[in-house]
Amino acid sequence: MFYLSDIGKYFIMIKMSFFKPSKWKVLRKLIFKEINDLIIESIPIVAILSFFIGAVISIQTALNLSSPFISKSLIGFATRQSVILEFAPTFMSIIMAGKVGSYITSSIGTMRVTEQIDALEVMGINPLNYLVFPKIVALLFYPFVITISMFVAIFGGFLAMTFAGVPSEAYISGIQMEFEPYHIVYAYIKTFLFAIILATVPSYHGFYMKGGALEVGKASTLSFVWTSIIIIVVNFIITQLLLS
Amino acid sequence: MIEIKNIIKSFNESTIVNNVSTTFLKGKTNLIIGQSGSGKTVLLKCLLGLHTPDSGEIIYDGVSNKKMNDSSKTLLRREMGMVFQGSALFDSMTVIENVMFPLTMLSDKNDEEIREKAEIAIQRVELEKAYDKLPSELSGGMQKRVAIARAIVMNPKYLFCDEPNSGLDPRTSIIIDKLIQEITKEFNITTIINSHDMNSVMEIGEKIIFLVDGEKNWEGTNKEIFKTTNQSVTDFVYSSELLKKVKKYL
């Protein structure tokens, strides 16, 4: 019963964030600020992680393809498939649940604790539209981050293989091998859903938190746990629906 | 003027505000006093519309809350100013941005007019030198003054203050109390203050209601409160050693 009421409250929160909109002039500023905080400022960490994980994927693949009868181009192929299908959309989203999610929960939670949300309500402003809606819009640009992650990870794999002495032509032909455009569609459908989850689940935990400063930390942790679980479950469902 | 009739508000089967009726007068500072947990904040939040009473009626200048739809409730909220216990200033905004905020969000004025109105409100609370400071750079008393400026910038008909003196030294408390009283007279607004500070009661308590366990126990003025024979009120008023000694000389 407890979880059912939470799920209901979560969907009502999403619905309410589109109602009683603030002035466009104000919302536009907030959206740009959120794009900067949630998207632009995430690019460096995403790029660093993607580069090294792409490199590690290719090294581990190469390690398992030691037979001279197996083409080296398979390293590029395996790296591309791992990165596009799973690493960039799903695991990068779980990492982002830690970075972006805890930022969202703690910023909204602090506003709740310090009565800033009550102040918005007293002024007759819809706090959900003011706080959550710009985050949802900003995270619609999340596929852009994942695109960067895909490219950088594949490039990381390329550099790792170059240093390991694998011919670059083999790696490049591998990443072009049996390319299935539908896999890109699948990856972006997942990314879009994860973006919505990343914007709304942490917002829910921040907006409805109760208590003081200590509870802000607890809410951030809880938000990370739930965002990760929901991403993994949604990933399974989407994969079943689109790839099985 | 705000009239409340038989307000009841419960949470999880525990009645926090129980059958409270009174009238808060226009142009006067009305105080709701009582011990912590007596239901002051819940009653104030009912008046603000942040809580919906389980039963009873709140009449704002002749208009009952029962006859209001969502849009008229929104319009009513725009006529309310609120000073929160912890000031509730927006951390990421400067003083001038905090005061401009309600106008930016709710009025059709252009940026210059908004800034001009915000500057007048800030000048009224004597914080001209702090325009571009962030709330974290201000003292508790200054933050309260910014909160008052933000509350009055929309020319509200009703001003609500939740323990405006909490965390302030006695001298600053009196300055804040006086400022609220001056603004109440100047703008002829209905001001309702939650407090358990006896200094406020003595200084600005033009109308006082005393709550005990969510029920109205006593009602009167700051002149009457020291003469009452109501045991709960005298226990509350003379709870400090200092006031007990003062009482001996009264």
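Residues numbered from 1 in each chain as written. Chains lettered and ligands numbered in written order. Predicted model: local features only at pLDDT ≥ 70, side-chain atom pairs only at ≥ 80, totals over all residues. Heavy atoms only, no water.

> What is the right way to read the overall build of chain A from this model?
Along its length, chain A carries eleven helices and zero strands. Considering only C-alpha atoms, chain A reaches an extent of 70 × 40 × 35 Å along its principal axes. Relative to its full complement of 244 residues, chain A shows a buried share of 49%. The contacts of chain A with a sequence gap of at least 6 include a subset with a gap of at least 24, amounting to 87%. Of the roughly 11600 Å² of accessible surface on chain A, 76% is carried by carbon and sulfur atoms. Each charge sign in chain A was given a centre, from 16 positive and 12 negative side chains, and these centres are 8 Å apart. (Helix = DSSP H or I, 4+ residues; strand = E, 2+ residues; numbered from the N terminus. Buried < 20%, exposed > 50% of the residue type's maximum accessible area, 1.4 Å probe, protein only. Contact = heavy atoms within 4.5 Å. Areas by Shrake-Rupley, 256 points an atom, 1.4 Å probe, with all protein chains shown as cover. Lys, Arg positive; Asp, Glu negative; His and termini not counted. Charge placed at Lys NZ, Arg CZ, Asp CG, Glu CD.)

> When you look at the overall build of chain B in this model, what are you seeing that I'm missing?
Tallying secondary structure elements over chain B gives nine helices and ten strands in all. Projected onto its principal axes, the C-alpha positions of chain B cover 55 × 45 × 35 Å. Within the span of chain B, comprising 250 residues, buried residues form 52% of the whole. Across chain B, contacts joining residues at least 24 apart in sequence account for 65% of those joining residues at least 6 apart. Averaging the locations of the 32 positively and 34 negatively charged side chains of chain B gives two centres separated by 5 Å.

> Help me understand the state of the cysteines, please; the structure alone is not making it clear to me.
What makes a disulfide is a covalent bond joining the sulfur atoms belonging to two cysteines. Applying the stated criterion across every chain, the model contains zero disulfides over all chains. Not engaged in a disulfide, the cysteine cysteine 46 of chain B finds its nearest cysteine sulfur in cysteine 161 of chain B; these two sulfurs lie 17 Å apart. (Disulfide = S-S within 2.5 Å.)

> Would you take a moment to explain the packing of aromatic side chains for this structure?
To describe a pair of aromatic rings, you give the distance between the ring centres and the angle between the ring planes. Residues and elements named next belong to chain A. Per the stated rule, a full pass over the model turns up 14 aromatic pairs over all chains. Ring centres of tyrosine 204 and tyrosine 208 lie 5.2 Å apart, and the angle between their planes is 50°; this geometry places the pair in the tilted category. By way of ring pairs, the aromatic residues Tyr10, Phe11, Tyr204, Phe207 and Tyr208 are connected into one cluster. In this arrangement the basic side chain of arginine 112 is found over the ring face of phenylalanine 207, its NZ or CZ atom lying 4.8 Å from the centre. (Phe/Tyr/Trp six-rings, centres within 6.5 Å; stacked < 30°, edge-to-face > 60°. Lys NZ or Arg CZ within 6 Å of the ring centre and 35° of its normal.)

> Explain the sheet that holds strand E5 (residues 63-64) of chain B to me, please; I cannot follow it from the model alone.
Where strands meet in a sheet, backbone hydrogen bonds hold them as pairs that are either parallel or antiparallel. Residue and element names in this part refer to chain B. Reading across from one edge, E2-E1-E4-E5 is the order of the four strands in this open sheet, with antiparallel pairing throughout. Each end of this open sheet is capped by a strand with a single partner; those strands are strand E2 (14-24) and E5. Where strand E4 (residues 55-60) meets E5, two bridges bridge the pair, whose relative direction is antiparallel. Pairing of isoleucine 59 across the sheet is with serine 64, part of E5. (Pairing = 2+ DSSP bridges.)

> What is the right way to look at the interface of chain A and chain B in this model?
Bring the parts together and some accessible area is lost; that lost area is often taken as the interface size. Each partner contributes residues to the interface: chain A has 18 residues there, and chain B has 26 residues. Overall, the association of chain A and chain B removes approximately 1800 Å² of surface from exposure, summing both partners, and the carbon and sulfur fraction of that is 62%. One can count two salt bridges joining chain A with chain B. Of the charged contacts, one joins lysine 45 of chain B and aspartate 118 of chain A as a salt bridge, the two residues approaching to 3.7 Å between their closest N and O atoms. When contributions to the side of chain A that touches chain B are tallied by element, the ones reaching two or more residues are helix H2 (24-39) and helix H5 (116-122) of chain A. With six residues, H5 of chain A is the largest single contributor of residues to the side of chain A that touches chain B. Within the side of chain A that touches chain B, the residues separate by chemical class into eight nonpolar, four polar and six charged. (Buried area = accessible area lost by both parts, 1.4 Å probe. Salt bridge = Lys/Arg side-chain N within 4 Å of Asp/Glu carboxyl O. Nonpolar A, V, L, I, M, F, W, Y, C, P; charged D, E, K, R; others polar.)

> Mind showing me how you'd approach unusual backbone geometry here?
Across the chain, the bulk of peptide bonds are trans and the bulk of non-glycine residues have phi less than zero. The phi dihedral of lysine 20 of chain A falls on the positive side, at around 40°, and the residue is not glycine. Looking at the secondary structure, you find lysine 20 of chain A in the loop between helix H1 (2-16) and H2. Among the residues examined, lysine 20 of chain A registers a relative accessible area of 46% and is labelled partly exposed. Its identity is not glycine, yet glutamate 126 of chain B carries a phi of approximately 60°, on the positive side. Along the chain, the position of glutamate 126 of chain B falls in the loop between helix H4 (111-124) and helix H5 (140-152). For glutamate 126 of chain B, a relative accessible area of 58% corresponds to the exposed category.

> I keep staring at the packing of helix H4 (residues 73-113) of chain A against helix H10 (residues 181-207) of chain A and nothing clicks. Help me out?
Angle between the axes and distance between the axes are the two parameters that describe a pair of packed helices. Residue and element names in this part refer to chain A. The contact between H4 and H10 brings their axes to 7 Å, and the two run at 15°. Our classification of the angle between H4 and H10 gives roughly parallel. The crossing of H4 and H10 is right-handed. Of the residues belonging to the contact of H4 with H10, the class tally is 15 nonpolar, eleven polar and three charged. (Axes fitted to C-alpha atoms, helices over the stretch in contact; angles between N-to-C directions. Parallel < 35°, antiparallel > 145°, perpendicular 65-115°, else oblique. Left-handed = near helix turned anticlockwise from the far one by under 90°.)

It is worth stressing that arrangement in space is one thing and function is another; only the former is reported here.
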